[in-house]
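Analysis of the macromolecular model
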Amino acid sequence: MQKKNKLSEPSYLRLLLRSFLSSSKIYIYLTYLKNKFNLPENITHNDTDIVVEGYPRTGNSYLYLLIKQINPKIKISSHTHTIANVKLGISLKKKVIILIRPPLESCVSRLVFQKNLTTILALKDYFIFYSHIQKKQKELIIINSDKMFSDNIYLINKLKGIFGKEIFNISIDQNKIFSDLKKENDLVSSREETLGYPSIKKNELKKINEKRILSDKKCHILLKNCQLLYDQLIYE
């Protein structure tokens, strides 16, 4: 995967600013400046082969590693979790894959991962991200994360547009993917809750955050709208 620095907990202000900018080209320009007039490999370039994006905690790392298992040489842009990078991928005529997971599950997982995030901002970010995706739906490959983990036939059919018939001759080694996810986590953090797969501690924290969302009346309408959007996007 792309080289990652040690994880640091972003402040609420930083999360809010990122939420505001992530749908705009300004995000790409700021990233360019931040990296001393270079774009990091996770941003889409002319030589990028495919783009993999989704709301945080929707299985981005899993799919990245799975695709690398199929073709180690393929160049993937991923993990910006921004509409700006999706738009860039479309404008450069790349194959763009979007992962989607039910809103309550996604937001609960993200709240575990980013402790300074509020329930309202988590839900708003989800709604904004997938509202943009809905507008470009016909130009994208949308993958249901839950099915990706449980139904190899579904996933193979989704990926055949990228890899062609050769995809049907490839077996997916989930154990290796989970092993690689664990290694990646160990490199960037000592926190069990940052793992890219379930754990006892993560599940306990997810239950706490689920209760936070469901008990907050301010979240109810937002969650309902997010769920409607999810239902429309996964309908096939």
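The sections below set out a description of the structure shown in this document. Bear in mind the structure is a predicted one, so any value in this text is a computation, not a measurement. (Residues numbered from 1 in each chain as written. Predicted model: local features only at pLDDT ≥ 70, side-chain atom pairs only at ≥ 80, totals over all residues. Heavy atoms only, no water.)

1. A closer look at the overall build of the protein chain
- Secondary structure assignment for the protein chain yields 11 helices and 4 strands.
- Sequence separation of at least 24 residues holds for 77% of the intrachain contacts in the protein chain that already meet a minimum separation of 6.
- Element-wise, carbon and sulfur atoms account for 56% of the exposed surface of the protein chain, whose accessible area totals about 13,100 Å². (Helix = DSSP H or I, 4+ residues; strand = E, 2+ residues; numbered from the N terminus. Contact = heavy atoms within 4.5 Å. Areas by Shrake-Rupley, 256 points an atom, 1.4 Å probe, with all protein chains shown as cover.)

2. Points about helix α11 (residues 217-234)
- For α11, built from 18 residues, the straight-helix expectation of 26 Å at 1.5 Å per residue is met to within 8% by its first-to-last C-alpha distance of 26 Å.
- Among all positions of α11, only Cys219, Leu222, Leu223, Cys226, Leu229, Tyr230 and Leu233 are buried. The buried side chains of α11 occupy one side of the element, clustering within an arc of 125 degrees when seen end-on. Among the exposed residues of α11, those pointing more than 90 degrees away from its buried face are Lys217, Ile221 and Lys224.
- The opening residue of α11 is aspartate 216, an N-cap whose side-chain oxygen sits 2.9 Å from the backbone nitrogen of lysine 218. (Expected span 1.5 Å × (residues − 1). Buried < 20%, exposed > 50% of the residue type's maximum accessible area, 1.4 Å probe, protein only. Arc of directions from axis to C-beta. Polar contact = N/O pair within 3.5 Å; in protein donor to acceptor, adjacent residues only side chain to side chain.)

3. Considering the pattern of salt bridges
- Counting across every chain of the model gives 4 salt bridges.
- Linking aspartate 47 and lysine 75 is a salt bridge whose minimum nitrogen-to-oxygen distance equals 3.1 Å. One end of the pair, aspartate 47, is in the loop between α2 (25-34) and β1 (50-54); the other, lysine 75, is in the loop between α3 (60-70) and β2 (76-78), with 28 residues separating them in the sequence.
- In this structure, the salt-bridge partner of arginine 110 is aspartate 125, at a minimum N-O distance of 2.9 Å. On the criterion of sequence distance, the pair formed by arginine 110 in helix α5 (residues 103-113) and aspartate 125 in helix α6 (residues 119-135) is long-range, its members being 15 residues apart. Across this residue pair, the class does not change: arginine 110 and aspartate 125 are buried. (Salt bridge = Lys/Arg side-chain N within 4 Å of Asp/Glu carboxyl O.)

4. Quick word on the environment of isoleucine 162
- The topology assignment puts isoleucine 162 in helix α8 (residues 152-163).
- Linking isoleucine 162 and aspartate 49, residues 113 residues apart in sequence, is a C-alpha distance of 9.5 Å.
- Apart from the residues lying within four places of it in its own chain, the contact partners of isoleucine 162 are Ile50, Lys95, Ile97 and Ile141.

5. Here we look at a positive patch on the surface
- A contiguous patch of positive charge, built from Lys25, Lys87, Lys135 and Lys136, is present on the exposed surface.
- Since its relative accessible area comes to 36%, lysine 136 is described here as partly exposed. (Patch = residues over 30% accessible without salt bridge, like charges linked within 9 Å, V, L, I, M, F, W, Y side chains within 5 Å. Lys, Arg positive; Asp, Glu negative; His and termini not counted. Charge placed at Lys NZ, Arg CZ, Asp CG, Glu CD.)

6. Regarding helix α10 (residues 200-214)
- Over its 15 residues, α10 extends 21 Å from the first C-alpha to the last, a length consistent with the 21 Å expected when each residue adds 1.5 Å.
- Along α10, the residues classified as buried are Lys202, Asn209 and Ile213. One side of α10 carries all its buried residues, which in axial view fall inside an arc of 50 degrees. Facing away from the buried side of α10, by more than 90 degrees, are the exposed residues Ile200, Lys207, Ile208 and Lys211.
- Tucked inside the fold, the buried residues of α10 contact α5, α6 and α11.

7. Observations regarding the state of the cysteines
- If you walk through the whole model with that rule in mind, you get 0 disulfides.
- Cysteine 226 provides the cysteine sulfur closest to cysteine 107, a residue in no disulfide bond, and the two sulfurs are 6.0 Å apart. (Disulfide = S-S within 2.5 Å.)

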